[in-house]
Amino acid sequence: MKPRIHPDSRLVVFRDRAADVAFLTRSTADSSRTVEWEDGTTYPVIDVEVSSASHPFYTGRSRVLDSAGRVERFERRYGRTAAARG
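These figures come from a predicted structure and were not determined experimentally.

> For this particular structure, what's the right way to read the overall build of the protein?
A tally of regular secondary structure across the protein gives 3 helices and 4 strands. Written out in order from the N terminus, the α and β elements of the protein read β-β-β-β-α-α-α. Here the protein holds 86 residues, and 16% of them are scored as buried. Summarising the internal contacts of the protein: among those between residues at least 6 apart in sequence, 32% fall at separations of at least 24.

Okay, here's the thing in structure tokens:
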């Protein structure tokens, strides 16, 4: 690695508000807000909307999509009628 061209890496807490989970990791991201971690040390905290703790792919909880409504909207838009359905 070339010296003085890479950003500084530091310990940062990422907090997932949806799942009420926080984890400590190294990152180049910085924040002016801080939080006291379990070890008693204060770290910068970054709030995220989705992490592996709340994402449906990782949790196995999929969201229910209104596929029937989408099909009806498609048929209305492109003119498919009941007679054409067969």
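So much for the structure itself; the text now carries on.
> So what exactly am I meant to see when it comes to the pattern of salt bridges here?
Side-chain pairs of opposite charge can arise where the charged atoms are in close proximity. One pass over the full model with this rule turns up 3 salt bridges. A salt bridge links Asp47 to Arg15; the nearest nitrogen and oxygen atoms lie 2.7 Å apart. Taken together, the residues span a long stretch of sequence, with Asp47 in strand β4 (residues 42-48) and Arg15 in strand β1 (residues 10-16) at a distance of 32 residues. The partly exposed category is assigned to Asp47, whose relative accessible area is 29%. As a salt-bridge pair, Asp47 and Arg33 come within 2.3 Å of each other at their nearest N and O atoms. Placement of the pair is Asp47 in strand β4 and Arg33 in the loop between β2 (21-27) and β3 (34-36), with a sequence separation of 14 residues. Among the charged side chains, a network of salt bridges with common partners joins Arg15, Arg17, Arg33 and Asp47.

> Even after reading the chapter, I still don't get the side chain of Asp16, so can you show me in this structure?
Along the chain, Asp16 turns up in strand β1. The buried charged residue Asp16 lacks any salt bridge partner; its closest oppositely charged side chain belongs to Arg17, at an N-O distance of 8.1 Å. With residues near it in sequence (within four places) discarded, Asp16 still touches Val21, Val48, Glu49, Val50, Ser51, Ala53 and Ser54.

> Explain the packing of aromatic side chains here, please?
How two aromatic rings sit relative to each other is given by the distance of their centres and the angle of their planes. Applying the stated criterion across every chain yields a total of 1 aromatic pair. Note on Phe14 and Phe23: the rings are 6.0 Å apart at their centroids and 20° apart in plane angle, and the pair reads as stacked. Judged by relative accessible area, which is 16%, Phe14 ranks as buried. Residue classification places Phe23 among the partly exposed residues on the basis of a relative accessible area of 36%.

> Please explain the sheet that holds β2 as it appears in this structure.
Sheet strands pair by backbone hydrogen bonding; their relative direction is either parallel or antiparallel. If you walk across this open sheet you meet the 4 strands as β2-β1-β4-β3, and the pairing is mixed. Every other strand in the sheet has two partners, leaving β2 and β3 as the edge strands with one partner each. Each adjacent strand pair in this sheet contributes to an overall mean axis angle of 45°, direction not counted. In this structure, β1 lies alongside β2, joined through 7 bridges in antiparallel fashion. If you follow Phe14 over to β2, its bridge partner there is Phe23.

Rules of the game
Residues numbered from 1 in each chain as written. Predicted model: local features only at pLDDT ≥ 70, side-chain atom pairs only at ≥ 80, totals over all residues. Heavy atoms only, no water. Helix = DSSP H or I, 4+ residues; strand = E, 2+ residues; numbered from the N terminus. Buried < 20%, exposed > 50% of the residue type's maximum accessible area, 1.4 Å probe, protein only. Contact = heavy atoms within 4.5 Å. Salt bridge = Lys/Arg side-chain N within 4 Å of Asp/Glu carboxyl O. Lys, Arg positive; Asp, Glu negative; His and termini not counted. Phe/Tyr/Trp six-rings, centres within 6.5 Å; stacked < 30°, edge-to-face > 60°. Pairing = 2+ DSSP bridges. Axes fitted to C-alpha atoms, helices over the stretch in contact; angles between N-to-C directions.

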